[in-house]
Amino acid sequence: MARVRTGAVLNGGFYVGMALTGLAVVLLGFSRTYLAPMAQGDFQAAGVVHLHGALAFGWVLLFVLQPGLIRAERYGVHMRTGLLGLGLATATAITAVPVALLAVARDLASGFGAGAVSSLPGVLTSMAIFLGLVLAGAWAAFRGRGAVHKRLMLLATIVVLWPAWFRLRHWLPGVPDPQFWLGVVAADSLMFAAMIRDRLVEGRVHPVWLWVGVPIIVEQTLEAVFYDAPLWRSVATFLYEALSGQAVPVA
């Protein structure tokens, strides 16, 4: 048991690094579109937008805390705060839906046309994947499968960080096709780093990355490729009208 716990402490350093990287991306990505405008009193939005932002940020902070607790061998506290994570993840996913609908309504009112609905499917799929990963990670922890648990939780955090990575386009305006280079390549860079770490430290890439991580990369790549294509927009329009009860103006 002592050997297992020592290994957990040593391996926790990588996950602490991943968590701090995610926190830095959030702070930088949202600095121009949310944090700075809020500090200047220039940001106006519905309460659910602020609530969703606080919940998602709370998840990132919790992910920073959890591997630190493992390194400190505070296993009981880690398990108790993990229960808080289930509530945070669920609330984050639920509040993302009205926030996405408000964003579409705003863009429609601003004259973006029918294409304004195209952001909706990506939000819904990413939140479904995020919550599914968290629930699967919690089940893995309950079954005592710590190696699976920590990788699923890192995957969940990688998925929820996507909006922050994409907002780095405001800092990097010269990046072509940010939907792909920032929203897929950069956003999934932590996943590739985790695969490399596993190969170097453990001699193999853990199956979680192959059977769960790779399909997520494929799904995100397909989203970037087919974003706002005719079929994509048709699905997005159906989803928006079904969820909001509002018709999308015909272009």
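Placed above this text is the structure.
**Student:** Any chance you could explain the overall build of the protein chain here in plain terms?
**Tutor:** A tally of regular secondary structure across the protein chain gives 11 helices and zero strands. Going from the N terminus to the C terminus, the protein chain shows its helices and strands as α-α-α-α-α-α-α-α-α-α-α. Taken against the 2.2 N^0.38 rule, which gives 18 Å for 251 residues, the C-alpha radius of gyration of the protein chain at 19 Å falls within 12% of a compact globule. In terms of overall dimensions, the protein chain has C-alpha extents of about 65 × 35 × 35 Å along its principal axes. Across the 251 residues that make up the protein chain, the buried fraction comes to 40%. Counted over contacts in the protein chain with a minimum sequence separation of 6, partners at least 24 positions apart contribute 72%. As displayed, the protein chain has an accessible area near 13100 Å², and 70% of this comes from carbon and sulfur atoms. Averaging the positions of the 17 positive and the 11 negative side-chain charges in the protein chain gives two centres separated by 15 Å.

**Student:** What is the right way to read the nonpolar core from this model?
**Tutor:** The tendency in soluble globular proteins is for nonpolar side chains to be buried as a group. Within the largest apolar cluster, 45 residues are counted, with the highest numbers of intra-cluster contacts made by W59, F130, L154, W165 and M191. Considering every element that reaches this core, the biggest residue donor is helix α6 (residues 146–160), with nine residues. Leave out the neighbours within four places in its chain, and W59 touches G85, L88, A89, F130, V134, M153, A156, T157 and V160. Judged by nonpolar contacts, the second largest core, of 11 residues, contains A116, L120, Y240 and V248.

**Student:** Would you explain the packing of aromatic side chains in this entry?
**Tutor:** Geometry of an aromatic ring pair is reported as the spacing of the ring centres plus the angle between the planes. Across all of its chains, the model carries seven aromatic pairs by this definition. Taking 5.0 Å as the distance between ring centres and 75° as the angle between the ring planes, the aromatic pair formed by Y34 and F43 counts as edge-to-face. Stacked on the ring of W171, the Lys or Arg R32 has its end atom at 3.8 Å from the ring centre. In this arrangement the basic side chain of R169 is found over the ring face of F166, its NZ or CZ atom lying 4.1 Å from the centre.

**Student:** Any chance you could explain the pattern of salt bridges here in plain terms?
**Tutor:** Where charged atoms from two side chains of opposite charge approach closely, those side chains can pair. This model, assessed by the stated rule, comprises six salt bridges. Notably, a salt bridge pairs E202 with R197, separated by 3.0 Å at the nearest N-O pair. Its relative accessible area of 9% is what places R197 among the buried residues. Residues participating in the shared-partner salt-bridge network are R151, R197, D198 and E202.

**Student:** Looking at this structure, how should I read the environment of G203?
**Tutor:** Relative to the assigned elements, G203 resides in the loop between α9 (189–202) and α10 (207–226). Classification of G203 as partly exposed rests on a relative accessible area of 45%. Distance from G203 to F43, taken between C-alpha atoms, is 49 Å for residues 160 residues apart in sequence.

**Student:** Quick question: what am I supposed to make of the side chain of S118 here?
**Tutor:** Within the secondary structure layout, S118 lies in the loop between α4 (75–109) and α5 (119–142). Residues within four places of S118 in sequence aside, it is in contact with Y227, D228, W232, R233 and A236.

**Student:** What exactly am I supposed to notice about the environment of V97 here?
**Tutor:** Looking at the element boundaries, V97 is found in helix α4. Placed 146 residues apart in sequence, V97 and L243 show a C-alpha to C-alpha distance of 8.8 Å. Those residues within four positions of V97 in sequence are excluded, and the remaining contacts are L124 and L243.

**Student:** What is the right way to look at the packing of helix α3 (residues 47–71) against α4 in this model?
**Tutor:** Any two packed helices are characterised by the angle at which their axes cross and by the distance between the axes. For the pair α3 and α4, the least separation of the axes is 8 Å and the interaxial angle reads 155°. In terms of orientation, α3 lies roughly antiparallel with respect to α4. In the crossing of α3 with α4, the sense of the turn from one axis to the other is left-handed. Of the residues belonging to the contact of α3 with α4, the class tally is 20 nonpolar, nine polar and no charged.

Calculation notes
- Residues numbered from 1 in each chain as written.
- Predicted model: local features only at pLDDT ≥ 70, side-chain atom pairs only at ≥ 80, totals over all residues.
- Heavy atoms only, no water.
- Helix = DSSP H or I, 4+ residues; strand = E, 2+ residues; numbered from the N terminus.
- Rg over C-alpha atoms; globule rule 2.2 N^0.38 Å.
- Buried < 20%, exposed > 50% of the residue type's maximum accessible area, 1.4 Å probe, protein only.
- Contact = heavy atoms within 4.5 Å.
- Areas by Shrake-Rupley, 256 points an atom, 1.4 Å probe, with all protein chains shown as cover.
- Lys, Arg positive; Asp, Glu negative; His and termini not counted.
- Charge placed at Lys NZ, Arg CZ, Asp CG, Glu CD.
- Core = buried A, V, L, I, M, F, W, Y, C linked by side-chain atoms within 4.5 Å.
- Phe/Tyr/Trp six-rings, centres within 6.5 Å; stacked < 30°, edge-to-face > 60°.
- Lys NZ or Arg CZ within 6 Å of the ring centre and 35° of its normal.
- Salt bridge = Lys/Arg side-chain N within 4 Å of Asp/Glu carboxyl O.
- Axes fitted to C-alpha atoms, helices over the stretch in contact; angles between N-to-C directions.
- Parallel < 35°, antiparallel > 145°, perpendicular 65-115°, else oblique.
- Left-handed = near helix turned anticlockwise from the far one by under 90°.
- Nonpolar A, V, L, I, M, F, W, Y, C, P; charged D, E, K, R; others polar.

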